[in-house]
Amino acid sequence: MALDARGIISIVVIVIYIPILIVGALLSFRHGFTREAGWIFLVILSLIRLIGAITHILSEENPTNTTYTVIYGIMESAGTSPLLVATLGFLRTTTQYGLDETALVVRGLRLTGLAAIIGLILAIIAGTDIGDASKQSDLDSGNNLRHASAILFAVVYGAVVLLTVYCWMNMHMILKYRKRLLNGITLTLPFLFVRVLYGILSAFAPFPFTIQDGHDVPVASANSKSLSKFSIASSDWAVYLVMLILMEYISVLIYAVVGMVTPLGKDTERLNHEMTRRAAQR
């Protein structure tokens with residue numbers, strides 16, 4: 001069976017995310033595997049995108065196998081979370097040895113990270129509920145969870161913007177090479193905005209079917225036609241390609257490049273040298 005436009009995009013996703021997976025693993029070795037560092041989430045995002053792309057291709061070749069469709073839908077919705085959590089990790093790294101003890105940063109990063117994880121959990125439950133739905137009420141419940149997840153991701157993005165602005169307002173307290181990381185975060189914000197916006201529009205797009213007497217019944221998207229193009233079942237591949245795949249990949253690429261060219265270890269070396277010098281002068 002020949003692949004449609006989204007199937008071809010899935011092949012492209014596999015090709016471009018395999019190198020990101022490798023780079024993400026190398027950066028995790030270089031800068032740390034901890035959740036706080038953020039780099040491990042580039043690996044997680046890469047795996048999510050690869051699994052999603054593979055299952056999408058399989059779903060086109062096996063249209064009667066709903067498992068592939070469910071997995072693909074979950075992976076598409078869940079991809080926003082690791083990207084946002086990675087950004088929070090990079091903000092945490094940016095604030096090290098300066099702003100990391102301020103109450104606003106500590107509580108802001110902790111609460112925002114928790115919201116992102118809850119959003120991920122809701123996205124997974126929503127995808128599972130929709131895939132297993134046998135009656136309309138189950139479908140509506142899963143759809144409501146999708147809405148809640150998308151709204152949470154929007155809240156997380158807003159918090160990321162505020163924390164980034166706070167870092168810029170206190171630039172004098174950020175170490176030299178961590179300022180590069182802050183520049184990278186700032187550069188990704190417009191692309192992250194489009195990605196999160198797509199997630200919201202997709203979550204609130206009209207669902208392509210209803211359930212009647214235990215059977216899926218396709219429906220015409222007479223209402224909310226402007227949102228139909230954002231549906232997971234939409235044939236408008238250009239919107240999907242630009243607002244999800246491209247925006248997300250640009251963000252990941254920026255982080256990967258910044259991670260490769262930023263010697264974060266030199267900040268700690270300079271800090272230790274300065275502390276040793278001051279101790280010797282006493």
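This report concerns the structure included in the present document. (Residues numbered from 1 in each chain as written. Predicted model: local features only at pLDDT ≥ 70, side-chain atom pairs only at ≥ 80, totals over all residues. Heavy atoms only, no water.)

Quick word on the overall build of the protein chain
In step 1: A tally of regular secondary structure across the protein chain gives 10 helices and two strands.
In step 2: Sequence-ordered secondary structure for the protein chain, helices as α and strands as β, is α-α-α-α-α-α-α-β-β-α-α-α.
In step 3: In the protein chain, buried positions account for 46% of the 282 residues.
In step 4: Counting only contacts in the protein chain whose residues sit at least 6 apart along the sequence, the fraction spanning at least 24 positions is 77%.
In step 5: Carbon and sulfur atoms make up 67% of the accessible area of the protein chain, which totals about 13,800 Å². (Helix = DSSP H or I, 4+ residues; strand = E, 2+ residues; numbered from the N terminus. Buried < 20%, exposed > 50% of the residue type's maximum accessible area, 1.4 Å probe, protein only. Contact = heavy atoms within 4.5 Å. Areas by Shrake-Rupley, 256 points an atom, 1.4 Å probe, with all protein chains shown as cover.)

Observations concerning helix α3 (residues 66-78)
In step 1: The terminal C-alpha atoms of α3, which comprises 13 residues, lie 18 Å apart, in line with the 18 Å expected from a rise of 1.5 Å per residue.
In step 2: Listed as buried for α3 are Y72, G73, I74, M75, E76 and A78.
In step 3: Those residues of α3 hidden inside the fold are in contact with α1 (5-31), α2 (40-61), α4 (80-94), α5 (103-132), α7 (178-203) and α9 (237-261). (Expected span 1.5 Å × (residues − 1).)

Re the packing of α1 against α9
In step 1: With their axes 10 Å apart at the nearest point, α1 and α9 run at an angle of 20° to one another. The orientation of α1 with respect to α9, classified from their angle, is roughly parallel. In this structure, the crossing between α1 and α9 has a hand that is left-handed.
In step 2: Taken together, the residues that form the contact of α1 with α9 break down as 19 nonpolar, two polar and three charged. (Axes fitted to C-alpha atoms, helices over the stretch in contact; angles between N-to-C directions. Parallel < 35°, antiparallel > 145°, perpendicular 65-115°, else oblique. Left-handed = near helix turned anticlockwise from the far one by under 90°. Nonpolar A, V, L, I, M, F, W, Y, C, P; charged D, E, K, R; others polar.)

Some thoughts on unusual backbone geometry
In step 1: In this model, Y97 sits at a positive phi of 65°, which is unusual for a non-glycine residue.
In step 2: Look at Y97 and you get partly exposed, because its relative accessible area is 43%.

Overview of the packing of aromatic side chains
The relation between two aromatic rings is expressed through the spacing of the ring centres and the mutual angle of the planes.
In step 1: As enumerated under the stated definition, the model contains five aromatic pairs in all.
In step 2: Here the aromatic rings of W39 and F90 are separated by 4.4 Å at their centres, their planes lie at 45°, and the arrangement is tilted. Highlighted residues: W39 in the loop between α1 and α2 and F90 in helix α4, separated in sequence by 51 residues.
In step 3: By relative accessible area, W39 is classed as buried at 1%.
In step 4: Using a relative accessible area of 0% as the deciding quantity, one classes F90 as buried.
In step 5: Of the aromatic side chains, those joined through ring pairs into one cluster are W39, F90 and Y255. (Phe/Tyr/Trp six-rings, centres within 6.5 Å; stacked < 30°, edge-to-face > 60°.)

Nothing here speaks to function; it is geometry throughout.
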